[in-house]
Structure formats: C-alpha cells, structure tokens
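Given next are the chains, with one letter for each unit.
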There are 2 protein chains.
Amino acid sequence: MQPSSLDELIDALRCLPGVGPKSAQRMAYHLLQRDQRGAGRLARAMGHALDVLRHCDRCNTFTEEAVCQRCASPRRDASLLCVVEMPADLAMIEQTQSYNGLYYVLMGRLSPLDGVGPRELKLDKLLARAGDGSVREVILATNFTNEGEATAHTLATLLSARGLSVSRLSRGVPVGGELEHTDIGTIAQALVERRGL
Amino acid sequence: MQPSSLDELIDALRCLPGVGPKSAQRMAYHLLQRDQRGAGRLARAMGHALDVLRHCDRCNTFTEEAVCQRCASPRRDASLLCVVEMPADLAMIEQTQSYNGLYYVLMGRLSPLDGVGPRELKLDKLLARAGDGSVREVILATNFTNEGEATAHTLATLLSARGLSVSRLSRGVPVGGELEHTDIGTIAQALVERRGL
C-alpha cells in the first residue's frame, strides 16, 4: 500500500555501497521529510556527474576533459608514473608535495573473489600508457593490503617484462611511530628492508 | 584538481543521513566506476519522488494522491485512529493483521534536543484529524524509547483534553520471551501492568 514512487526511491538507494533495505528506507524518509532541497540537489548533481564525467585518456582518473589538467601540465616530470588504486590515494600523495611525476589511477584493485581480474581493471590501458616511451620508472603505490600487494606483484611482473624500471613504496615503521606500539609484522618488514646508513 | 562535477556529487551525497565526507567519496567513486546504471536510476527515482509524493491530507503518510488508498477505504473502521512515528511502524502494525482502523503518521517524534517540538511535528494536523467527529479512540503506538514515550505522553494530554478516549500499546515481556533473558526494566513494567485472569 506504499506509493510506487517511494518504493522505487527506496529500491534505487540500495545501489549505494553499504546501504541495505533498512537504511535505504531511513534515507528516503529523511530526504522526503527533512531535506527535500538536499535531495533535489543530489538528484541534479548525480545526473550532471553522469553526463559530464569520463576517464582521463592518459591517467584514467575522473575528468570532464579528454585529458585531465594534471596529465596536460608541462610542469610535471613525464618520466615518472605512479600507479594508485583510487583518486583518494592520488590526493594523499599530492598532499605530501614530494612527488612531481604523473599518475595512473587503476580505479580499483585485483580482487578475484569479487570477480575483478586484469580484464575488469583494464590493465591493458595501464600497460599502453606505461609503454608509450616517455615513462622511465613506474612507482607502484597500491595499498599495503593483501589485494593491493597482489595487484602490485602482478603489475611488477607485467611492467618488468616490458623493460620498464619498477619500484614500490617502502614499508616500515611509520614516521613518529614507537616500536612498542607498532605491529610486529611491520617491524619484521622494517628489519628485512633495513637500509644502510 | 578534481573536476567540479565530482566535487559537487560528493558534497551532495552528504545530505544522506549518516554519510560523512569519506563515505560520500566512496559512494561517488562506486557509482561512477561500478554502477552508472544504478546511479542514473537513483537520480531519476529521486527526482520523480520529489515531484509526485505529498502527505496524505488525512493520515499524513507519503502518497501520490490527496488522500491515500487506506484512508479512502470504506472497509476500515473509522472510529479507531492509531498514531505511529513513521510509515515503517505502520507497515509493522499492518503485518500483524490484527488492526482494521485508520492511522496517523507523525513523520517523527518530539525531540527537543533536535529542535523538533509540537510545531515542527505539526501536531495541529493530528488534533484536527482526531477531532473530526469520526474518531472514538486514539491508540498511541509511538516507540517505547524515551522520545517516543514523551511524545505519547504529550499526545495523551492534548487528546484527552479534547474528550477523546486515548490508549497506548501495552508494555511487557515479548511473546516467546524468557524471563532470564528479558531486561529487568521490562519485567518491572510487566509486574506493574500485570493483568487479572
């Protein structure tokens, strides 16, 4: 006995990650009852984003142009290519202000259990980009989770086979970290990867 | 350096209850990368719901007509009016198949700390509905939370003053409940409200 437009909204909200039937219902009621303005803005913003956003031809991140501003910038070092999982990771590296090369955004990670293999991640696009002649070194900056490490391992194999120099962000004790409060896996890695002074 | 349409989408997603900046970002990436179809459907469903949904003139629930199907039904007992907080509560009571009266949906509860007082809840509309001459008894079925109880108390005072018979769902040990696993507050209430056999 619920209006079909309300049922449809509740059902459509479930496409959001982590939103089940109960939260979808709560969200729909909240928007309709308390924030119609926000809901209208969200509907328009989503429609607009779907219309204008595309993937950068070079780095694969979201952009409104064919090639994003960063890839088009002449002030970037085109011999360095840093591979990250998501745009949020790129933003973190940019915030360090210690990297002036270019990026490639995978928009995910290899995750066989979720059905994300090399084809779903479109690794061909990365291999074409990394092999375009301008790139000297590829820095793998996927996460240090199991899936991120596996992705880095696969990429290292594929890229090395194409004669590219491949590196990975270092693992170790975080800056400011105390050994007493660092997990032993990290300390073990820091020992294995200790550097000479 | 992020496209403005993406920033705007992430920002607009924050109007959803319980969604902060990190989840809004995660949702936006997910929709754009993995579920553009779902996102398009959501944008349309939300726009459509905002266009066509309104509050029933009689019971205040969401409907596409002036008066919802339930209020317009001649098979309902118009002398009984059950007051609930949200449409989901109404759906639960309907599922019991043990009530054939009509409803009034508050679309919230009194919550002074959140700035929701009698005016924000539009209690005038309920009082007008309950006092339209057809209602004999008002059953208060707000939640048994602090706010729901306070709302029921306020409504009982207002409705009794208008000469209406007012009742409240009973409190007690849940059906199938074992005393050993029931909280002592509930057992205390069940003792106070024990019924003669």
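To start, this report covers the structure provided alongside it. On a predicted model such as this, the values are computed, not experimentally measured, just so you know.

Here we come to unusual backbone geometry. For residues besides glycine, phi is generally negative; the peptide bonds are generally trans as well. Residues and elements named next belong to chain A. The phi dihedral of Q97 is positive, around 55 degrees, even though this residue is not glycine. Looking at the element boundaries, Q97 is found in the loop between α5 (87–95) and β4 (101–105). Q97 gets classed as exposed once you look at its relative accessible area, which sits at 75%.

What follows deals with the layout of surface pockets. To find the voids left in a structure, one rolls a probe of water-molecule size over its atoms. Approximately 580 Å³ is the volume attributed to the largest pocket. Taken together, 27 residues make up the lining of the largest pocket; nearest its centre are M1, Q2, D7 and Y29 of chain A together with A91 of chain B. For the lining of the largest pocket, the secondary-structure elements that each account for two or more residues are α1 (4–13) and α2 (21–34) of chain A together with β2 (62–63), α4 (69–72) and α5 (87–95) of chain B. Ranked by residue count, the leading element in the lining of the largest pocket is α5 of chain B, at seven residues. Considered class by class, the residues forming the lining of the largest pocket number 13 nonpolar, seven polar and seven charged.

Residues and elements named next belong to chain B. Spatially, four strands are ordered β4-β3-β5-β6 in an open sheet, and the strand pairing comes out parallel. Of all strands in the sheet, those bounded by a partner on one side alone are β4 (101–105) and β6 (165–168). Here the average twist between neighbouring strands, direction ignored, is 25 degrees. Relative to strand β5 (residues 137–140), strand β3 (residues 77–84) runs parallel, the two being bridged by four bridges. When the sheet's bridge partners are listed, L81 is paired in β5 with V138.

Next up on the list: the interface of chain A and chain B. Taken together, the 51 residues of chain A in the interface contact 51 residues of chain B. For the pair chain A and chain B, the summed buried area comes to about 4800 Å², and 69% of that belongs to carbon and sulfur atoms. At the junction of chain A with chain B, the criterion picks out four salt bridges. For the pair chain A and chain B, the interface holds 10 residue pairs in polar contact (both at pLDDT 80 or more). Broken down by secondary-structure element, the contributors of at least two residues to the side of chain A that touches chain B are α1, α2, α3 (36–52), β2 (62–63), α4 (69–72) and α5 of chain A. When residues in the side of chain A that touches chain B are grouped by element, the largest group, 14 residues, is from α3 of chain A. Classifying every residue of the side of chain A that touches chain B by side-chain character gives 28 nonpolar, 15 polar and eight charged.

So, how was this worked out
Residues numbered from 1 in each chain as written. Chains lettered and ligands numbered in written order. Predicted model: local features only at pLDDT ≥ 70, side-chain atom pairs only at ≥ 80, totals over all residues. Heavy atoms only, no water. Helix = DSSP H or I, 4+ residues; strand = E, 2+ residues; numbered from the N terminus. Buried < 20%, exposed > 50% of the residue type's maximum accessible area, 1.4 Å probe, protein only. 1 Å grid on protein atoms, 1.4 Å probe; cavity = no way out; pocket = protein on both sides within 12 Å on 5 of 7 lines; lining within 4 Å. Points joined across faces, edges and corners; volume = space filled by probe spheres on them. Nonpolar A, V, L, I, M, F, W, Y, C, P; charged D, E, K, R; others polar. Pairing = 2+ DSSP bridges. Axes fitted to C-alpha atoms, helices over the stretch in contact; angles between N-to-C directions. Contact = heavy atoms within 4.5 Å. Buried area = accessible area lost by both parts, 1.4 Å probe. Salt bridge = Lys/Arg side-chain N within 4 Å of Asp/Glu carboxyl O. Polar contact = N/O pair within 3.5 Å; in protein donor to acceptor, adjacent residues only side chain to side chain.

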